[in-house]
Amino acid sequence: MKYAILVIGACGQLGTELTRALRKKHGWKSVIAADIHPAMDAEGLYVQLDVFNKKKLAYIIAHRGVKQLYHLAAVLSALGEQNPAKAWDVNMQGLLNVLEVAKENKVWQVFWPSSIAVFDKNGELNPSTVYGISKAAGEYWCRYYFEKHGLDVRSLRYPGLISHRAKPGGGTTDYAVEIFHEAVNKGSYDCFLNRKSTLPMMYMPDAVRAALELMDAPAASISVRTAYNLAAMSFSPQELATEIKRHLPDFEMACNPDFSQAIANNWPVSVSDYRARRDWGWQEEYDIARMTEDMLVNLGQKELC
Ligand code: AKB
């Protein structure tokens, strides 16, 4: 491979795993990790980048021969409600900068994650958070750059993501990661959503594979140029706690809903992803049982078989 791949937001929950997967697939020298932090790790190429710095972004793309770009930097739903102006700025201006610089520098493909936060509880496109509004508007910007400028932008509406490497920060679905760490470290968890709050979720290996498969799909098969719905499983905190208890029988969960509950109440319990299945063969691998077992193995609580 002669071109470079740039991952913006490479230190985040999705970025950490996607960068690893891209390096495994395309080679260590082909993938440049970028994030706002001074340095990530010694594992591969890394540049410090603020998404507001268009000049530096253009320089990296032009001088490193970047032809594929993953733009993951964002302020998530719960944190966004604490600081709406910042969330709008980072999420919207960041995306517009990336799209514009990618267009000017003839990047072949851009991946940008959207979210189930664009929906209301009936599954209508009707966002209730600044994060959701920025994702909905961003989807239309992606389609606009495709239709108007021929930029091959592809996007997925991710559910809550569960992973054991990097922790998420500022999301409504973060409880589904925190619960594992607390179960393992303390044996108990105080959940900020109520027991019955069912939301769509996905295990990280599926989320990473979905992005890679979407980017590998022939352009002619991509019928959705806003963002594809993507689904794997739906569960409530109670259902997840019950699943964890199968492995850690002494685990206990209390629930004390905070402001995030109002956000969760406005999201759908599930989404239909038939277009992703039809267009590029999407198929999840992990359900709640497999995901829970794998999380606990990776957090050192179960023997690897
Ligand atoms: C959040 O909770 O904000 C995110 C999301 C569902 O996009 N995990």
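Everything in this summary refers to the structure shown in the same document. Remember, predicted model here, so these are calculated numbers, not experimental data. (Residues numbered from 1 in each chain as written. Predicted model: local features only at pLDDT ≥ 70, side-chain atom pairs only at ≥ 80, totals over all residues. Heavy atoms only, no water.)

**Here we look at the side chain of R225**
Definition in use: Helix and strand definitions here come from DSSP, where helices need a minimum of 4 consecutive H or I residues and strands a minimum of 2 consecutive E residues; each element is numbered from the N-terminal end. Under the scheme applied here, a residue whose accessible area is under 20% of the maximum for its type counts as buried, over 50% as exposed, and between as partly exposed, the area being computed with a 1.4 Å probe on protein chains only. Any pair of nitrogen or oxygen atoms within 3.5 Å is treated as a polar contact; in protein, a donor-acceptor pairing is required on top of that, and neighbouring residues in sequence qualify only through side-chain atoms on both sides. The criterion used for residue contact is that any of the two residues' heavy atoms lie within 4.5 Å.
For R225, the location among the structural elements is in the loop between α7 (204-216) and β10 (228-229). For R225, a relative accessible area of 7% puts it in the buried group. Within polar-contact distance, the side chain of R225 engages the backbone oxygen of V153 at 3.0 Å. For R225, the contacting residues outside a window of four places in its chain are E139, C142, R143, F146, D152, V153, R154 and A219.

**As for the packing of aromatic side chains**
Quick reminder of the rule: Geometry of aromatic contacts follows a simple scheme: Phe, Tyr and Trp rings, the Trp one being its six-membered ring, pair when their centres are within 6.5 Å, and the pair is stacked under 30 degrees between planes, edge-to-face over 60, tilted otherwise. Over a ring means this: the NZ of a Lys or the CZ of an Arg is within 6 Å of the ring centre and within 35 degrees of the ring normal.
This structure, assessed with the given rule, holds ten aromatic pairs. Between W280 and W282 the ring centres are 6.2 Å apart and the planes differ by 50°, which places this aromatic pair in the tilted class. Neither residue differs from the other here; W280 and W282 are each classed as buried. Members of the aromatic cluster, joined through ring pairs, are Y70, F111 and Y158. R225 extends its terminal NZ or CZ atom over the ring of F146, reaching a point 3.8 Å from the ring centre. Between the NZ or CZ atom of R290 and the centre of the ring of Y286, over which it lies, the distance is 4.3 Å.

**Section: the site of the ligand**
The following threshold applies: It suffices for a single heavy atom of a residue to lie within 4 Å of a molecule or strand for the residue to be listed as near it. Areas reported here follow the Shrake-Rupley algorithm with a probe of radius 1.4 Å; residue values treat only the protein chains shown as occluding. For this classification, the nonpolar set comprises Ala, Val, Leu, Ile, Met, Phe, Trp, Tyr, Cys and Pro, the charged set comprises Asp, Glu, Lys and Arg, and every other residue, Gly included, is treated as polar. The domain boundaries here were taken from an automatic or database domain assignment.
The environment of the ligand is made up of L76, S77, S115, I116, Y131, G171, T172, T173 and W267. The side chain of T173 places a nitrogen or oxygen atom 2.9 Å from a nitrogen atom of the ligand. Notes on the ligand: free accessible area 250 Å², of which the protein chains cover 94%. Taken together, the residues of the shell around the ligand break down into four nonpolar, five polar and no charged. Split by domain, the shell around the ligand shows at least three residues from each of two domains, domain 1 (4-158 + 204-216) and domain 2 (161-200 + 232-299).

**Description of helix α8 (residues 237-247)**
Definition in use: For this quantity, the arc is that covered by the directions from the helix axis to the C-beta atoms.
Among the residues making up α8, those that are buried are P237, L240, A241, E243 and I244. Down the axis of α8, the sector holding all buried residues measures 160°, keeping them to one side. The secondary structure elements touched by the buried residues of α8 are α6 (175-185), β8 (188-191), β11 (233-235), β12 (252-255) and α11 (288-298).

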